[in-house]
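# Overview (structure and organization)
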Amino acid sequence: MRKIPFSVQILAGLVLGVALGFLARAGDLSWLASTLDTVGDLFVQLLKLAVPPLVFTAIVVSVVSLRGVANAARLAWKTLLWFGATALIAVGVGIGLGLLTNPGRGVSLDTATAAAPQRTGSWTDFLTGIVPTNPVGAFVEGNVLQIVFLALVVGAAALLAGEVAEPFVAVNRALLAIVQKALWWVIRLAPIGTLGLIGNAVASYGWDLLAPLAKFTTAVYVGCAIVLLVVYPALLVAAGRLNPLRFFAGAWPAIQLAFVSRSSVGTMPVTQRSVERLGVPREYASFAVPFGATTKMDGCAAIYPALAAIFVAHVFGVHLSVTDYLLIAFVSVVGSAATAGLTGAIVMLTLTLSTLGLPLAGAGLLLAIDPILDMIRTATNVAGQALVPTIVAAREGTLDRAAYDSAGRRELIDAEEQQPTRSDELAPVPA
């Protein structure tokens, strides 16, 4: 298998999964559908297993690593500004596409049977949910937002404590290296996971179920495609004077893994390696990528909630004013962290609906096709997470343009396995 490029393995898993999914649905083979479901669930569970230690150690180490970065405060501020700016553009695309296509017009769905999802979001819950009541509970429950908060606080404290905290930082670096190495093994299973996830989606969601929502599904995919293939390349050329083809060649391993895994955090090690191979300095990439993996969600938190809010408003016969569209943009830019890098964007959608005063039951109408939508949303998320540090590094003059121009010429996954863990990743950051 190692002689076959990893991207080809992913593609083979995708094709075989689609074929087995159609076979399971056409032949009513419940055992095959169940097997595909189990295989896909196991792959996602393995990714989620690594999320708490990966997020905590990655953010602690990234914050401490800012000590060795010149103008760290300016870099962090510019990263946040670009996160917000690209999110604003993405939500603008979502709103514009929603107004143009009217995805909810003519849709006949039984709104009386729709129920609000069990997981809902509100501004109160979002704000109070940031601070954990029990640090251990945040890890046990897998609450990524609370883990991010703890990691930022601990990382900042370790940074200010200086040399006395270096043993603690060294332990976090070692643990991060171990978790990343184990996660690379899980990523190696992505072709099998792809087979199960795609196969189960095809077996579960036939055209009878998708037909009423086909217009909305198409709008989400078209919106993400516009951001991926028009907005991002335009920003690379205009803001960074960079060749978009080289960017996508370097970032492709992370984008394709995000599409099948539906997890920004689970894809984070591949995203960071991709960004480094694009020429972004490792010290800056180790801060920007983990931070982006938990807060930068152009697909889940910008394009999707904008289209979904317009869809729900149409289905329930609610008129949206200009103020409502401005609220959608505000929620998308400020509330991105509510998605916290895990599969699904239900919390962000219910946060948007509740802010607009739309029925939360509208989210229940879209739950059936959420896995299909989440694939392209997550791919867009990860592409944006790689885009911002690349542009910032280019504008700051720290991007290795020779590395950028040669990115993507070697298989990232295969190259990673062929080299040992680099010692400089475990060494203390110089003061």
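### What to know about the overall build of the protein
When its secondary structure is counted, the protein shows 20 helices and zero strands. Long-range contacts, defined as pairs at least 24 residues apart, comprise 85% of the intrachain contacts of the protein with a sequence gap of at least 6. Put simply, the protein shows about 17,700 Å² of open surface, and 67% of that area lies on carbon and sulfur atoms.

### Side note on the nonpolar core
Judged by nonpolar contacts, the single largest core of 113 residues is most densely connected at Phe 216 and Phe 247. Considering each element in turn, this core owes the most residues, 13 residues, to helix α2 (residues 30-65). Leave out the neighbours within four places in its chain, and Phe 216 touches Pro 103, Tyr 304, Leu 307, Ala 308, Phe 311, Leu 366, Ile 369 and Leu 373. The next biggest cluster of nonpolar side chains, apart from the first, holds six residues, and it includes Cys 300, Ala 301, Val 331 and Met 348.

### Some remarks on the pattern of salt bridges
Enumeration according to the criterion identifies eight salt bridges in this entry. A salt bridge links Lys 296 to Asp 298; the shortest N-O distance between them is 2.8 Å. Lys 296 sits in the buried class, given a relative accessible area of 2%. Among the residues examined, Asp 298 registers a relative accessible area of 1% and is labelled buried. If you follow the salt bridges from partner to partner, you end up with Arg 262, Asp 370, Asp 374 and Arg 377 in one network.

### Notes on a nonpolar patch on the surface
Together, Leu 46, Leu 49, Leu 189 and Ile 192 make up a nonpolar patch on the protein surface, roughly 380 Å² of accessible area in all. Given a relative accessible area of 38%, Leu 189 falls into the partly exposed group.

### Here's the deal with unusual backbone geometry
Positive phi, normally seen in glycine, also occurs at Asn 102, with a value near 50 degrees. In this fold, Asn 102 is placed in the loop between α3 (72-101) and α4 (123-128). Phi at Arg 241 is positive, roughly 55 degrees, even though this residue is not glycine. With respect to the helices and strands, the residue Arg 241 is situated in the loop between α10 (214-240) and α11 (244-261). Its relative accessible area of 63% is what places Arg 241 among the exposed residues.

### Describing the packing of helix α1 (residues 6-26) against α2
Two elements in contact, α1 and α2, have axes separated by 8 Å at closest approach and are oriented at 145 degrees. In the crossing of α1 with α2, the sense of the turn from one axis to the other is left-handed. Touching Leu 20, Gly 21, Leu 23 and Ala 24 of α1 are Leu 32, Ala 33 and Leu 36, all from α2.

### A word on the environment of Val 280
With respect to the element layout, Val 280 can be found in the loop between α12 (268-277) and α13 (282-295). Separated by 113 residues in sequence, Val 280 and Ala 393 place their C-alpha atoms 6.0 Å apart. With residues up to four places along the chain from it excluded, the contact list for Val 280 reads Val 275, Ala 285, Pro 389, Thr 390, Ala 393 and Leu 399.

### Focus on the environment of Val 140
Here Val 140 lies in helix α5 (residues 135-141). Overall, Val 140 belongs to the exposed group, its relative accessible area being 69%. Taking C-alpha positions, Val 140 is 8.5 Å from Pro 52, a pair spaced 88 residues apart along the chain.

### Re the packing of aromatic side chains
The tally for this structure, following the rule as stated, stands at six aromatic pairs. Geometrically, the ring pair formed by Phe 56 and Phe 139 is edge-to-face, given 5.5 Å between the ring centres and 70 degrees between the ring planes. Taken as a pair, Phe 56 in helix α2 and Phe 139 in helix α5 lie far apart in primary sequence, 83 residues in all. Taking relative accessible area as the criterion, Phe 139 reaches 30% and is therefore assigned partly exposed. Seen from their ring centres, Phe 287 and Phe 291 are 5.7 Å apart, and the 15 degrees between their planes marks the pair as stacked. Pair noted here: Phe 287 and Phe 291 are both in helix α13, with a separation of four residues, about one helical turn. Owing to a relative accessible area of 9%, Phe 287 belongs among the buried residues under this scheme. Above the ring of Tyr 304, the side-chain terminus of Arg 377 is found at 4.2 Å from the ring centroid.

### Thoughts on helix α15 (residues 322-334)
Its 13 residues place the ends of α15 18 Å apart at the C-alpha level, agreeing with the 18 Å of an ideal helix rising 1.5 Å per residue. Along α15, the residues classified as buried are Asp 324, Tyr 325, Ile 328, Ala 329, Val 331 and Ser 332. Seen from one end, α15 has its buried residues packed into an arc of 165 degrees, which puts them on one side. Seen from the open side of α15, the exposed residues pointing more than 90 degrees away from its buried face are Val 322, Thr 323 and Leu 326.

### A closer look at the packing of helix α14 (residues 299-315) against helix α18 (residues 370-396)
In the contact formed by α14 and α18, the axes pass within 9 Å of each other and the chain directions differ by 130 degrees. Between α14 and α18, the interaxial angle falls into the category oblique. The interaxial crossing formed by α14 with α18 has right-handed handedness. For the pair formed by α14 and α18, the contact residues are Gly 299, Cys 300, Ile 303 and Tyr 304 on the first element and Asp 370, Leu 373, Asp 374, Arg 377, Thr 380 and Asn 381 on the second. When the residues that make up the contact of α14 with α18 are grouped by side-chain class, the tally is four nonpolar, three polar and three charged.

### Comments concerning the side chain of His 314
Inspection of the secondary structure puts His 314 in helix α14. Assessed through its relative accessible area of 19%, His 314 is described here as buried. If we ignore the near neighbours within four places in the chain, the residues touching His 314 are Asn 102, Pro 103, Gly 104 and Arg 105.

### Some remarks on the environment of Val 270
Looking at where Val 270 falls in the secondary structure, it is placed in helix α12. Note on Val 270: relative accessible area 0%, which makes it buried. Each C-alpha atom of the pair Val 270 and Ala 258 lies 9.5 Å from the other, and the pair is 12 residues apart in sequence.

Calculation notes
- Residues numbered from 1 in each chain as written.
- Predicted model: local features only at pLDDT ≥ 70, side-chain atom pairs only at ≥ 80, totals over all residues.
- Heavy atoms only, no water.
- Helix = DSSP H or I, 4+ residues; strand = E, 2+ residues; numbered from the N terminus.
- Contact = heavy atoms within 4.5 Å.
- Areas by Shrake-Rupley, 256 points an atom, 1.4 Å probe, with all protein chains shown as cover.
- Core = buried A, V, L, I, M, F, W, Y, C linked by side-chain atoms within 4.5 Å.
- Buried < 20%, exposed > 50% of the residue type's maximum accessible area, 1.4 Å probe, protein only.
- Salt bridge = Lys/Arg side-chain N within 4 Å of Asp/Glu carboxyl O.
- Patch = residues over 30% accessible without salt bridge, like charges linked within 9 Å, V, L, I, M, F, W, Y side chains within 5 Å.
- Axes fitted to C-alpha atoms, helices over the stretch in contact; angles between N-to-C directions.
- Left-handed = near helix turned anticlockwise from the far one by under 90°.
- Phe/Tyr/Trp six-rings, centres within 6.5 Å; stacked < 30°, edge-to-face > 60°.
- Lys NZ or Arg CZ within 6 Å of the ring centre and 35° of its normal.
- Expected span 1.5 Å × (residues − 1).
- Arc of directions from axis to C-beta.
- Parallel < 35°, antiparallel > 145°, perpendicular 65-115°, else oblique.
- Nonpolar A, V, L, I, M, F, W, Y, C, P; charged D, E, K, R; others polar.

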